[in-house]
Amino acid sequence: MENIQFQEALLTLPPNLNRYDYHRIVSDQHSRGAPPAPRNYIYDIRPLGKQITACTMRSHNLPSMFNPQTFHLSASEGQEVTGSVVLTFVKRRTEKPRSEKHKGKIILSDVKDPETFVHERMANCGLNITSLPQGVSLTKIPVNKGKNIIPVVFGRVNFTANITDLQKLGDTYLSGVGRSKTFGFGMIYLPELVKEGAV
């Protein structure tokens, strides 16, 4: 049995913004105008109707101005859990550089088999997926950063799984999954395991 303590806060944000704009708003609010620092939180964006977008933030310790609530996650290896995760479905590889003076070009490609991708990605998080009851439904959105437009394919996936590695699960629950956490992807939800209050 392992207990992982964390904090969450709920913010309301303007609707229908680009993911890069949400990133800037959340980052600015978290830093309170201070110079940018390494990000020590993850967040998830969910539209609530046409007027409001909800933002859930999670970290070991959130600023008091967010009025965070303290929770703890209690779990055991081998335990069956149900949950959800917000994943981006992009494969990333780096080409071999032309010489030592050059960096290898980063190549992004779409995922050909989303369900297998979910199984592989979550295995790295200490979860062995046994069921994807609604399958995998994907959405493609542009992330605009100045003149650069990055296409991002993502899905909110419900799953049933067995816990295989508590250390990996605890680390991922607080740090998120994948490389697109800056834009509000990668948060895992395990509501059955979470209880209010400190450990």
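Here the structure is a predicted model, which is why all the values come from computation and not from measurement. (Residues numbered from 1 in each chain as written. Predicted model: local features only at pLDDT ≥ 70, side-chain atom pairs only at ≥ 80, totals over all residues. Heavy atoms only, no water.)

Draft legend 1. Inspection of the overall build of the protein at higher detail. Summing up its helical and strand segments, the protein has three helices and 12 strands in all. Taken over 199 residues, the protein has a buried fraction of 41%. In the protein, the proportion of contacts linking residues at least 24 apart, taken out of those at least 6 apart, comes to 73%. About 11600 Å² of surface is accessible on the protein, with carbon and sulfur atoms providing 48% of the total. (Helix = DSSP H or I, 4+ residues; strand = E, 2+ residues; numbered from the N terminus. Buried < 20%, exposed > 50% of the residue type's maximum accessible area, 1.4 Å probe, protein only. Contact = heavy atoms within 4.5 Å. Areas by Shrake-Rupley, 256 points an atom, 1.4 Å probe, with all protein chains shown as cover.)

Draft legend 2. Structural view of helix H1 (residues 19–31). For H1, which comprises 13 residues, the first-to-last C-alpha distance of 18 Å matches the rise-based estimate of 18 Å (1.5 Å per residue) to within 8%. Every buried residue belonging to H1 is among Arg19, Tyr20, Tyr22, Val26 and His30, and all of these are buried. Looking straight down H1, one finds that the buried residues subtend no more than 155 degrees of arc, so they occupy a single side. Count one or two residues on from H1 and you reach Arg32, which has phi positive near 55 degrees. (Expected span 1.5 Å × (residues − 1). Arc of directions from axis to C-beta.)

Draft legend 3. Expanded view of the pattern of salt bridges. Scanning the model with the defined rule gives three salt bridges in all. Here Arg58 and Glu8 are joined by a salt bridge, their closest N and O atoms 2.8 Å apart. One end of the pair, Arg58, is in strand E3 (residues 52–59); the other, Glu8, is in strand E1 (residues 2–13), and 50 residues separate them in sequence. The class for Arg58 is buried, based on a relative accessible area of 0%. What makes Glu8 buried here is its relative accessible area of 17%. Arg156 is the salt-bridge partner of Asp44, the closest N and O atoms lying 2.9 Å from each other. Residue Asp44 is located in strand E2 (residues 42–48), and its partner Arg156 is located in strand E10 (residues 148–163); the two are separated by 112 residues in the primary sequence. Through salt bridges with shared partners, a single ionic network connects Asp44, Arg46 and Arg156. (Salt bridge = Lys/Arg side-chain N within 4 Å of Asp/Glu carboxyl O.)

Draft legend 4. Representation of the pairing of strand E4 (residues 69–75) in the model. Where burial is concerned, most of E4 is hidden: five out of the seven residues are buried. Of the pairings in the sheet, the one linking E1 to E4 comprises seven bridges and is antiparallel in character. Within E4, the residue paired with Gln7 across the bridge is Thr70. Across three bridges, the pairing between E4 and strand E12 (residues 194–196) is antiparallel. For Leu73, the partnering residue across the bridge sits in E12 and is Val194. (Pairing = 2+ DSSP bridges.)

Draft legend 5. Region of interest: the nonpolar core. Counting residues in hydrophobic clusters, the biggest one holds 30 residues, and the most contacted among them are Met122, Phe159 and Leu190. Looking at this core, the elements that each hand over two or more residues are E1, E4, strand E5 (80–88), helix H2 (114–123), strand E8 (127–131), E10 and helix H3 (166–175). The dominant element in this core, judged by the number of residues it contributes, is E10, at five residues. In terms of nonpolar packing, the next biggest core, distinct from the first, is built from 12 residues, Leu11, Tyr22, Val26 and Leu62 among them. (Core = buried A, V, L, I, M, F, W, Y, C linked by side-chain atoms within 4.5 Å.)

Draft legend 6. Up close: the sheet that holds E1. Spatially, five strands are ordered E2-E3-E1-E4-E12 in an open sheet, and the strand pairing comes out antiparallel. The open sheet has two edge strands with one neighbour each: E2 and E12. For this sheet, the mean angle separating the axes of adjacent strands, direction not counted, is 30 degrees. The strands touched by H1 are E1, E2 and E3; relative to E2, the strand with the most contacts, the crossing angle is about 125 degrees. (Axes fitted to C-alpha atoms, helices over the stretch in contact; angles between N-to-C directions.)

Draft legend 7. Quick peek at the side chain of Thr88. Structurally, the position occupied by Thr88 is in strand E5. Residue contacts for Thr88: discarding those within four places in its chain leaves Phe117, Val152, Val153, Phe154, Ser180 and Phe185.

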